[in-house]
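Residue-level listing of the chains:
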Amino acid sequence: MDRVLSGMRPTGKLHIGHYFGALKNWVELQDKYDCFYFIADWHALTTNYENPEDIIALRKEMILDWLSVGIDIKKSTLFVQSKNIYHAELFLLLSMITPVSWLERCPTYKEIRNEIKDKDLSNLGFLSYPVLQTADIIIYNAKYVPVGVDQLPHLEISREIVRRFHYLYNGDLFVEPEGLLTNVPKLLGTDGRKMSKSYGNAIMLSEEPKSVEKKIKTMMTDTNRKLRSDPGNPEVCPVFDYHKVFSDEEERSFVTDGCKNATIGCIDCKKVLIKNILSFLEPIQAKRAEYEKIIDDLDEFLSKTQQKANDVAAGTVKKVRKVLRI
Ligand code: SF4
């Protein structure tokens, strides 16, 4: 089976945006590919270097969320990046051959620097994170990396670094990774802004039913529909974007007709959505509770798959050292 690699920064408990944007796909890929999924804790440090203790605490929460949605440790190789020192060695060697200009022109680099104003991101680690990302991927000779369209430029840098390595050292050691394009449905936060835990506008996978209900009840709707008697337009309403993901066809046409003809109110519409989100979350939360009982020490739980990842990475670095004669 071809290998797939993907990672996630341990930023805390995950929300439905993470599920529909990545995890749902990860679960499906497990049956078709040899999947390696990792906690990208070094990547988290590139922007969150002032709070390393947070990252350690959040690893377990994230793994619990992964397992609760169906990531299966018997099918996939789950591991922690910082417990595999070979990533750092390959990163160092690749950084010798990567022109700084490639990193400076990376669109995500500029975007994030513009977006995050409250942190000093003039650090080397942040500039060079596409090199670390390249090491993460090619150390496993992963053929595919699941990505959204906006992440394609990153992968292009990885492909360029691989080509440069092969050109400089006359080798053919690495697989040039390809993007596995993922369709990400539009899901804004309940206040209409980008969904983010820090804005308090996200529905978490482990969110209490009462809290879900409250968030949906106060969720932004089509702003032109001020009165129940005003017809609305589901296509501009964030609630309807959720219906597209959580409700079946019959319910969606009930909502569409009712909204356009003002025969239902937003409360009726949201009731259907609340019912569907809660029944989506229920089995996830039940599974999470089971894993919470099983997993005491995360390192111990991941020990076998971590060892497997470390062995594969060690094998690659051994070959790289041979090529570089060091
Ligand atoms: S009825 Fe539903 S889709 Fe229409 S505006 Fe209200 S919440 Fe949005």
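Cut-offs used in this document
Residues numbered from 1 in each chain as written. Predicted model: local features only at pLDDT ≥ 70, side-chain atom pairs only at ≥ 80, totals over all residues. Helix = DSSP H or I, 4+ residues; strand = E, 2+ residues; numbered from the N terminus. Rg over C-alpha atoms; globule rule 2.2 N^0.38 Å. Buried ≥ 20, exposed ≤ 12 C-beta atoms within 10 Å, placed from the backbone. Contact = placed C-beta atoms within 7 Å. Axes fitted to C-alpha atoms, helices over the stretch in contact; angles between N-to-C directions. Left-handed = near helix turned anticlockwise from the far one by under 90°. Nonpolar A, V, L, I, M, F, W, Y, C, P; charged D, E, K, R; others polar. Domains from an automatic or database assignment. Near = placed C-beta within 6 Å.

Visitor: For this particular structure, what's the right way to read the overall build of the protein?
Guide: If you tally the helices and strands in the protein, you get 15 helices and five strands. Over its C-alpha trace the protein gives a radius of gyration of 22 Å, about what one expects of a compact globule, namely 20 Å for 326 residues. Reported as C-alpha extents along the three principal axes, the dimensions of the protein are approximately 75 × 45 × 40 Å. Burial status across the protein gives 33% buried among its 326 residues. Long-range contacts, defined here as pairs at least 24 residues apart, represent 79% of the contacts in the protein between residues at least 6 apart.

Visitor: When you look at the packing of helix α10 (residues 209-217) against helix α13 (residues 266-294) in this model, what are you seeing that I'm missing?
Guide: Two measures define how a pair of helices packs: the angle their axes make with one another and the distance between the axes. Across the interface, α10 lies against α13 with an axial gap of 10 Å and an inter-helix angle of 145°. Remark: the crossing between α10 and α13 carries right-handed chirality. Contacts between α10 and α13 involve Pro 209, Val 212, Glu 213, Ile 216 and Lys 217 from the first element and Lys 270, Leu 273, Ile 274, Ile 277, Leu 278 and Leu 281 from the second. Per-class residue counts for the contact of α10 with α13 are eight nonpolar, no polar and three charged.

Visitor: What am I meant to see in unusual backbone geometry here?
Guide: Keep in mind that most residues, glycine aside, have a negative phi and that most peptide bonds are trans. Notably, Asn 141 is not glycine yet its phi reads approximately 50°, a positive angle. Structurally, the position occupied by Asn 141 is in the loop between α8 (129-138) and β4 (144-147). Using a count of 16 C-beta atoms within 10 Å as the deciding quantity, one classes Asn 141 as partly exposed. Even without a glycine there, the phi angle at Arg 325 is positive, about 55°. Mapped onto the fold, Arg 325 is located in the segment after α15 (303-324).

Visitor: Explain the domain arrangement of the protein here, please?
Guide: By a widely used convention, the size of an interface equals the accessible area lost when the partners come together. Domain assignment breaks the protein into domain 1 (3-187 + 297-324) and domain 2 (207-287). The C-alpha centroid of domain 2 is placed 35 Å from the C-alpha centroid of domain 1. Counting residues at the interface gives seven residues for domain 1 and six residues for domain 2. Of the residues belonging to the side of domain 1 that touches domain 2, the class tally is five nonpolar, one polar and one charged.

Visitor: Looking at this structure, I do not really get the site of the ligand. What am I missing?
Guide: Near the ligand you find 14 residues, and of these Gly 232, Cys 237, Cys 259, Cys 266 and Cys 269 are the closest. Element by element, the count of residues in the shell around the ligand is highest for α13, at three residues. Class assignment for the residues of the shell around the ligand results in nine nonpolar, two polar and three charged.

Visitor: Even after reading the chapter, I still don't get helix α2 (residues 41-48), so can you show me in this structure?
Guide: Working note: α-helix, 3.6 residues per turn, so residues spaced by three or four point in the same direction. Turning to α2, its buried residues number three or more, namely Asp 41, Trp 42, His 43 and Ala 44. Contacts made by the buried residues of α2 are with β2 (34-39), α3 (52-68), β3 (77-80) and α8.

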